[in-house]
Amino acid sequence: MQAASFLEKEDPLQRAHRLAKRRVALLFYESSTRTRTSFELAAKGLGADTTLVSALSSSIEKGESLKDTGLTLRALGAECIILRHPNSGAPYLLDRVTHLPVLNAGDGMHAHPSQALLDLRTILHRLRPEHTNAEIDESTLAGVTVLITGDILHSRVARSNAELLPRLGARVILCGPKALLPECASEIGPGIAIERNFAHAMRGAQVVMMLRIQKERLAGLELNLNDYIAHYQLNAERLAENAPRALVMHPGPMIRGMEITSEVADGPQSVIEEQVRHGVAVRTALIARALDAMPELVSA
Ligand code: CP
């Protein structure tokens, strides 16, 4: 967080010297709008040359392995690889075979760490005392309840947030029907509770984070989408009745009319666009750290 704030305030010309002439590769096996674009903007903002390799327009389509793709990018001069991959654990494999810093841009149903960090930054910015000019304080989450609702089963975003936020003192409540939220989810870590009743879960939450229903992964699950909407959709009435002051978050992409209504997504409590904006600052810091381009913070 400190590095993100430092780099965000830095003169852009000075920032662009940090990684001048260095090469960062974006290797995306799954589609992405927010993560890919913000990592790319972040790397470019640091002055790096970037290249994008996506599964559908590269030799991956011809069957080239992750290992060989990584070694090829390294041979072409990449010093850092940002990877999105459908298999959990793929970034560890790539790190092991290339010996390059690998940043996880989402792996399977496992983790999406940079998303959790930008979510954290959004929450910290919004919950800091409004009347002070306080620097972002990483202990601010003590006493804060974050409700995460929806397709927890398939969500790498939920998993990363449920691991990160309690470390800073937040209470995390996971909410959803059994088909999308197995009881064992509470074992992700300490500070996590499960609540099936959405309205009940919303009361007392300072943050209501909605997740996309991943329709592509619902085959075989006992889930009726109309029932889901009836019980778990975040609509204006539910929000006004149960959490009229809570921040409304969504990592995107959202399916309007499914997990959230347009009225709420575009409403005054929504910080969804802010989340996207924080993505650039957070990912700038991650890339700078991965390539040792932050000497002043190491010596601080
Ligand atoms: N939140 C998120 O990962 O969005 P994208 O899939 O568009 O990157």
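Here the structure is shown first, and the text comes after it.
Here the structure is a predicted model, which is why all the values come from computation and not from measurement.

## Some words on the packing of helix H6 (residues 113–127) against helix H7 (residues 156–164)
1) Next: With their axes 8 Å apart at the nearest point, H6 and H7 run at an angle of 55° to one another. Compared by their axis directions, H6 and H7 come out oblique. In the crossing of H6 with H7, the sense of the turn from one axis to the other is right-handed. Counted together, Pro-113, Gln-115, Ala-116, Leu-117, Asp-119 and Leu-120 of H6 and Val-157, Ser-160, Asn-161 and Leu-164 of H7 form the full contact between these two elements.
2) Next: Partitioning the contact of H6 with H7 into residue classes produces six nonpolar, three polar and one charged.

## As for the site of the ligand
1) Next: Neighbouring the ligand are the residues Ser-32, Thr-33, Arg-34, Thr-35, Arg-84, His-112, Gln-115, Pro-251 and Gly-252.
2) Next: Residue Thr-35 places a side-chain N or O atom 2.6 Å away from an oxygen atom belonging to the ligand.
3) Next: Bound to the protein, the ligand loses 92% of the 250 Å² it would expose on its own.
4) Next: Each residue belonging to the shell around the ligand can be placed in one class, and the counts come to one nonpolar, six polar and two charged.

## As for the pairing of strand E1 (residues 23–28)
1) Next: With five of six residues buried, E1 lies mostly within the body of the structure.
2) Next: Sheet topology note: the E1/strand E2 (residues 49–54) ladder contains six bridges and is parallel. Residue pairing across strands places Ala-25 opposite Thr-51, the latter belonging to E2.
3) Next: Between the parallel pair E1 and E2, the chain is carried across by helix H3 (residues 34–45), and the sense of this crossover is right-handed.
4) Next: Here E1 runs beside strand E3 (residues 80–85); their pairing, made up of five bridges, is parallel. Residue pairing for E3: Leu-27 is matched across the bridge by Leu-83.

## Overview of the pattern of salt bridges
1) Next: All told, the structure shown has nine salt bridges when counted by the stated rule.
2) Next: Across the salt bridge formed by Arg-196 and Glu-183, the nearest N and O atoms sit 2.8 Å from each other. Here Arg-196, found in the loop between strand E7 (192–195) and helix H8 (198–202), pairs with Glu-183, found in the loop between strand E6 (171–175) and E7; they are 13 residues apart in sequence, far enough to count as distant.
3) Next: Across the salt bridge formed by Asp-266 and Arg-256, the nearest N and O atoms sit 2.9 Å from each other. Of the two residues, Asp-266 sits in the loop between helix H11 (262–265) and helix H12 (272–290) while Arg-256 sits in the loop between strand E9 (247–249) and H11, which places them 10 residues apart along the sequence.
4) Next: On the accessibility criterion, Asp-266 (54% relative accessible area) is exposed.
5) Next: Look at Arg-256 and you get partly exposed, because its relative accessible area is 42%.
6) Next: The structure contains a network of salt bridges with shared partners spanning Arg-36, Glu-40 and Lys-44.

Thresholds, definitions, all that
- Residues numbered from 1 in each chain as written.
- Predicted model: local features only at pLDDT ≥ 70, side-chain atom pairs only at ≥ 80, totals over all residues.
- Heavy atoms only, no water.
- Axes fitted to C-alpha atoms, helices over the stretch in contact; angles between N-to-C directions.
- Helix = DSSP H or I, 4+ residues; strand = E, 2+ residues; numbered from the N terminus.
- Parallel < 35°, antiparallel > 145°, perpendicular 65-115°, else oblique.
- Left-handed = near helix turned anticlockwise from the far one by under 90°.
- Contact = heavy atoms within 4.5 Å.
- Nonpolar A, V, L, I, M, F, W, Y, C, P; charged D, E, K, R; others polar.
- Near = heavy atom within 4 Å.
- Polar contact = N/O pair within 3.5 Å; in protein donor to acceptor, adjacent residues only side chain to side chain.
- Areas by Shrake-Rupley, 256 points an atom, 1.4 Å probe, with all protein chains shown as cover.
- Buried < 20%, exposed > 50% of the residue type's maximum accessible area, 1.4 Å probe, protein only.
- Pairing = 2+ DSSP bridges.
- Right-handed = clockwise from strand over helix to strand, strands pointing away.
- Salt bridge = Lys/Arg side-chain N within 4 Å of Asp/Glu carboxyl O.

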